[in-house]
Amino acid sequence: MLNKHPKVLVVDDEESVRSVICAMLEECGCQTARAEDGIEALESLDKFTPDIIFSDLNMPQMGGLELIVKLKDRLPETPIVVISGTADMQSAIEAIRRGAWEYLIKPIDFGSLQHVTNRALERARLISENRAYQEHLEDLVLERTQALRDSEKRYRTLFDKASDAIVLMQSGQIISCNMKTGALFGCNQDEVVGNSLLSFSPARQTRSVDSDELMTLYEREALDGTPQFFEWRSIRRDGNAFDSEISLTRLDLNGVAHLLAIMRDITDRKKAAAALTEHLCIMRELDMAREIQRSLLPAAPPEIPGISMACGCSPAASVGGDYYEFFVISQGVLDIVIADVAGHSFGSALLMSEARTLLHAKVRAERPPAALLTAVNELMHDDLCRAELQMSAFSVRFDLNDRMLSYANAGHTRPLFIRGRSGEIEQLDAEGMLLGIAREVEFEERHYGITDGDVLLLHTDGVVESEDASGEFFGTDRLCKLLAARRHDAPDVILAAIFEELASFVGEGPYSDDVSLVVVKISTP
């Protein structure tokens, strides 16, 4: 039986190659040993019995080909994987002929190494199982006493109840099989006996390889004493094709060579592997989309005398539609827009990218917050309707020359405005529906006088709608208390405190929605 943590011997005359391969194997949970040539590898077997051996071909004193021959004598059933350069393929083929199981081409990547290791160890496991089957079958055929006939009956029950199809062949013809074989091929056991495995195979395998020629090769190698383990395209009696795994070993019964084949349907396993690969591709694309989305947000707010700012976004697990931007209109005049497209899809992210482009084109000194939202709504209305999405937005203009704040709201989460001196908090709101609902919408614009120490907190709904483990929302009240306690701090300190409090409240795991914050504080120019 194989260990839970397989032992691997890596033989290569280059220390750097040995170190890299051993590091990758140890990352997979393997125990490793190293040798720089064939002689050292053979000497190490007294202290280290490997489950699998990786060997270079070109080494001093004793090369890989000679090592393979000696290893087959000492460890005949231990998998040997050849490490070969692209210019040494003939030697790699010769190594396979001498008994190597697999080969890897330098340079070796982690995925290929892991795949080959798992496949070789799985093949060794099946060979070990086949030996057990062989021993039982020999007992079944060779023993003739009544006591053994009772044992034969008990074993036949196990034979027929086995989860894998078991086939005994002589001269290419099936002479016995278990019940699972009939179920695998969609017929009775009697319909299987007398045929060959080719009777249940298409004319050609994958890559247009002739089935007859390939099966003949596998059977010849197995009869010569080299167990075979391979994937095979099979066909049921109803004509439906499926993928199978076959292990093929020689079995001598009464001095006559037979072949024992153990088969299993791997269609579902291959589908699961394909689905996993597709899932990984989708996750990579999502990661890329999140990176692109984050790159659209400003890395830092502009530096303007009389106002200090901080901003940040903590994205959810999927792509979303949060966005904020700063626009310096003129000396002492700054526009800030924060927006959120509903949903967490690529469509949301694309529409937010479109909104960003429009805002950069439409922000002007002569277009205050309400007029800006009207213009954006008119231009994005059709696209939002087609996508069946809505977008909230809040636009604010700071005029430090007149010490005035102007704003308009398109259904966005109401920002918090706190007076620095009194600590009085207000939620800034104005009449205006979500963007994308109707055309020709007029947005109310309101104005506030501002003084030193006043703080404005712009945020998306991901902040107040964040939930803890019990399903309780973070809420506006908690955010107000935190802002009031921190109103005398710098914007970056306030921002960090909010994110820290949110992380503590939500606990482990990503946010369910993007969390975006912009903190603005008025100061003396």
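Per chain, residues are indexed from 1 in the order of the written sequence. Local features in a predicted model are, by the rule used here, given only for residues with pLDDT of at least 70; side-chain atom pairs are given and counted only at 80 or more, and totals for whole chains, interfaces and linings are based on all residues. Hydrogens and water are ignored here; the side-chain numbers use all heavy atoms of the structure.

Asks: Talk me through the overall build of the chain; I want residue IDs and the actual numbers.
Replies: Only DSSP runs of H or I with at least four residues qualify as helices, and only runs of E with at least two residues qualify as strands; both kinds are numbered from the N terminus onward. Secondary structure summary: the chain contains 15 helices and 20 strands in total. Relative accessible area decides the class of each residue, using a 1.4 Å probe on protein chains only: under 20% of the type maximum gives buried, over 50% gives exposed, and in between gives partly exposed. Taking all 525 residues of the chain together, 46% fall into the buried category. Taking the contacts inside the chain whose residues are at least 6 apart along the sequence as the reference set, 62% of them involve residues at least 24 apart. Accessible surface area values rest on a Shrake-Rupley calculation with a 1.4 Å probe, where residue burial reflects the displayed protein chains alone. Carbon and sulfur atoms form 50% of the exposed surface of the chain, whose accessible area is close to 25,800 Å². Residue contacts follow a heavy-atom distance rule, with two residues in contact if any of their heavy atoms lie within 4.5 Å.

Asks: Go over the sheet that holds strand β2 (residues 31-35), please, and point to the residues and values.
Replies: The strands that make up a sheet are held in pairs by hydrogen bonds between backbone atoms, and each pair lies either parallel or antiparallel. Pairing in this open sheet of five strands is parallel, and the strands run β2-β1-β3-β4-β5 from one edge to the other. For this open sheet the edge positions go to β2 and β5 (102-105), each flanked by a neighbour on one side alone. Sheet twist, expressed as the average angle between the axes of neighbouring strands with direction ignored, equals 20°. Pairing between two strands requires that DSSP report at least two bridges joining them. In the sheet, strand β1 (residues 7-11) pairs with β2 via five bridges, with the strands oriented parallel. Bridge assignment links V10 to a residue of β2, and that residue is R34. Lines fitted to C-alpha atoms define the axes, with helix axes restricted to the stretch in contact, and inter-axis angles between N-to-C directions lie between 0 and 180 degrees.

Asks: Before we move on, could you go through the pairing of strand β15 (residues 404-410) and cite the residues and values that matter?
Replies: Of all seven residues that make up β15, six are buried, and the element is covered over most of its length. Pairing analysis gives six bridges linking strand β14 (residues 391-399) to β15, with the strands arranged antiparallel. Looking across to β15, one finds that S395 is bridged to A408. Connecting β14 to the antiparallel partner β15 that follows it, the hairpin turn spans four residues, and R403 within it adopts a positive phi of roughly 55°.

Asks: Describe the environment of S422, and please don't skip the residues or the numbers.
Replies: Mapped onto the elements of the fold, S422 is located in the loop between β16 (416-418) and β17 (425-427). A relative accessible area of 51% means that S422 is categorised as exposed. Separated by 62 residues in the primary sequence, S422 and A484 place their C-alpha atoms 10.0 Å from one another. Polar contacts involving the side chain of S422 include one to the main-chain amide nitrogen of E424, which spans 3.2 Å. Pairing of N or O atoms within 3.5 Å defines a polar contact, subject to two protein rules: one partner must be a possible hydrogen donor and the other a possible acceptor, and residues neighboring in sequence count only if both atoms are side-chain atoms.

Asks: So what's going on with the pattern of salt bridges? Residues and values would help.
Replies: Counted as salt bridges are all cases of a side-chain nitrogen of Lys or Arg within 4 Å of a carboxyl oxygen of Asp or Glu. Per the counting criterion, the structure on display carries 27 salt bridges. Between D382 and R439 there is a salt bridge, with its nearest N and O atoms 2.5 Å apart. Of this pair, D382 sits in helix α12 (residues 369-386) while R439 is found in the loop between β17 and β18 (446-449), placing the two residues 57 residues apart along the sequence. With relative accessibility at 37%, the residue R439 sits in the partly exposed group. Residues participating in the shared-partner salt-bridge network are E231, R233, D243 and K270.

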